[in-house]
Amino acid sequence: MNYRRLGKSGLKVSEISLGSWLTYGGYVERDNAVKAMQKAYELGVNFFDTANVYERGEAEKLMGETLREFPRESYVLATKVFGQMGDGPNDRGLSRKHIMEQAHASLKRLGADYVDLYYCHRPDPGVPLEETLRALDDLVRQGKVLYVGVSEWSASLMAEAHAVADRYLLDRLIANQPIYNMFNRYIEKEVIPFGERSGVGQVVFSPLAQGLLTGKYSSLADIPADSRAGKLEGMRKGVTEEKINKVIELNRVAIELDMTVGQLALAWILRQANVASALIGASRPEQVEENVKASGVKLEEDVLARIETILG
């Protein structure tokens, strides 16, 4: 496993990280979820990601219980705040009240004294940036959070957050968690250039396009019943015949390089220096074993050119 610094911080994270969205506490059996986390740690993954809203805290509980068998200093633990956690008017968002309450609730569910990285899961236009950043800064000063980040924020909003942080000497963002894969490349235009200039590293989710880039779908008429697209209706919308055909072509390239199309897709993402880690989901430990092999793979320029041609 190779490791990269997260943004301009001194924190080093594995190029492949393991997340728990829709996976742990959800439709994946508990035993498989635990084994996937254990296998990831065994193979050098040191970066584990969850959020308070994943199965309303159940994912945090399971991740915390599983990782507790390993030395706390040996892994990087990330969770998030923003989503709806109750029925009250203050049970969501990025107000000081919600951030403080959810930070403590997450630590309790995780069974941890601190989290390494605390994300604002989404932007909250209803709350002043200064209020949000001061709350995060207080958590850092209290030692309950070591670094702060955001997820799916625009480059302009992150720039504004840095300006506010610098004005009031608050802790700066070091990470952003956006979607990024061969079929969703919006961050290449503004987010990655901003990250390179400002020291915000990208921890990208859905690097395999919810399983589409693993090559498991041969046609829309033949989606496996046990796949995410087969079980979750919302994920089926992103699967089209055009994309399936592109994956089939990409698979030919991967075979020539003696790798799977999923490994090719992950290595393609890691060609970006500003990407610190590709965040995978795994319902079985075997999937982790396959995906971590993408770490350290360098794709030559001619291969990258062929991929661009296929993607159009």
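The coordinates are above.
Residues numbered from 1 in each chain as written. Predicted model: local features only at pLDDT ≥ 70, side-chain atom pairs only at ≥ 80, totals over all residues. Heavy atoms only, no water.

> Just checking my understanding: could you explain the side chain of Thr 66 for this structure?
For Thr 66, the location among the structural elements is in helix α3 (residues 58-67). Residue classification places Thr 66 among the buried residues on the basis of a relative accessible area of 4%. Discounting chain neighbours no more than four positions away, the residues touching Thr 66 are Val 34, Met 37 and Gln 38. (Helix = DSSP H or I, 4+ residues; strand = E, 2+ residues; numbered from the N terminus. Buried < 20%, exposed > 50% of the residue type's maximum accessible area, 1.4 Å probe, protein only. Contact = heavy atoms within 4.5 Å.)

> Even after reading the chapter, I still don't get the packing of aromatic side chains, so can you show me in this structure?
Each aromatic ring pair is specified by the distance between its two centres and by the angle formed by the two planes. Across all of its chains, the model carries three aromatic pairs by this definition. Here the aromatic rings of Tyr 41 and Phe 70 are separated by 3.7 Å at their centres, their planes lie at 10°, and the arrangement is stacked. Here Tyr 41, found in helix α2 (residues 30-42), pairs with Phe 70, found in the loop between α3 and β5 (76-81); they are 29 residues apart in sequence, far enough to count as distant. In this arrangement the basic side chain of Arg 72 is found over the ring face of Tyr 114, its NZ or CZ atom lying 4.1 Å from the centre. In this structure, Arg 271 packs its charged tip against the face of Trp 268, placed 3.9 Å from the ring centre. (Phe/Tyr/Trp six-rings, centres within 6.5 Å; stacked < 30°, edge-to-face > 60°. Lys NZ or Arg CZ within 6 Å of the ring centre and 35° of its normal.)

> How do you make sense of the packing of α3 against helix α4 (residues 96-110) when you look at a structure like this?
The relative placement of two packed helices comes down to the angle between their axes together with the axis-to-axis distance. Between α3 and α4, whose axes approach to 7 Å, the crossing angle comes to 45°. By the criterion of interaxial angle, the relationship of α3 to α4 is oblique. Residues Glu 60, Lys 61 and Gly 64 of α3 touch α4, and the partners they reach there are Ser 106, Arg 109 and Leu 110. Residue composition of the contact of α3 with α4, by class: one nonpolar, two polar and three charged. (Axes fitted to C-alpha atoms, helices over the stretch in contact; angles between N-to-C directions. Parallel < 35°, antiparallel > 145°, perpendicular 65-115°, else oblique. Nonpolar A, V, L, I, M, F, W, Y, C, P; charged D, E, K, R; others polar.)

> What should I look at first to understand the pattern of salt bridges in this one?
If charged atoms from side chains of opposite charge come close, those side chains can pair. Per the counting criterion, the structure on display carries 19 salt bridges. Taking the shortest distance from any N to any O, the salt bridge between Glu 101 and Lys 97 comes out at 2.6 Å. One end of the pair, Glu 101, and the other, Lys 97, are both in helix α4, four residues apart, so they sit about a helical turn from each other. For Glu 256, the salt bridge goes to Arg 306, with nearest N and O atoms at 2.9 Å. Taken together, the residues span a long stretch of sequence, with Glu 256 in helix α10 (residues 241-256) and Arg 306 in helix α13 (residues 301-311) at a distance of 50 residues. Arg 306 gets classed as partly exposed once you look at its relative accessible area, which sits at 34%. Because the salt bridges share partners, they merge into one network encompassing Arg 185, Glu 188, Arg 271 and Glu 308. (Salt bridge = Lys/Arg side-chain N within 4 Å of Asp/Glu carboxyl O.)

> Please clarify how the environment of Val 81 should be interpreted in this entry.
Structurally, Val 81 is set in strand β5. A relative accessible area of 0% means that Val 81 is categorised as buried. Sequence separation between Val 81 and Met 100 is 19 residues; the distance between their C-alpha atoms is 9.5 Å. For Val 81, the residues in contact, after removing those within four places along its chain, are Asn 52, Gly 93, Leu 94, His 98, Ile 99, Gln 102, Tyr 118, Tyr 119, Cys 120 and His 121.

> Just checking my understanding: could you explain the pairing of strand β10 (residues 275-280) for this structure?
If a strand is regular, its side chains alternate between the two faces of the sheet. Of all six residues in β10, six are buried, a share of seventy percent or more. The pairing of strand β3 (residues 16-18) with β10 spans three bridges and is parallel. The residue bridging Ile 16 from the neighbouring strand is Ala 278, located in β10. Sheet topology note: the strand β9 (residues 201-205)/β10 ladder contains four bridges and is parallel. Bridging across to β10, Val 203 finds its partner in Ser 277. (Pairing = 2+ DSSP bridges.)

> Would you mind going over the packing of helix α5 (residues 129-141) against helix α6 (residues 155-168) with me for this structure?
Running from amino to carboxyl end, α5 crosses α6 at an angle of 65°, the nearest separation of the two axes being 10 Å. Comparing their axes, α6 and α5 come out roughly perpendicular. Crossing hand, α5 versus α6: right-handed. Mapping the contact onto sequence places Leu 129, Glu 130, Leu 133 and Arg 134 in α5 and Leu 157, Glu 160, Ala 161, Val 164, Ala 165 and Tyr 168 in α6. Within the contact of α5 with α6, the residues separate by chemical class into seven nonpolar, no polar and three charged. (Left-handed = near helix turned anticlockwise from the far one by under 90°.)

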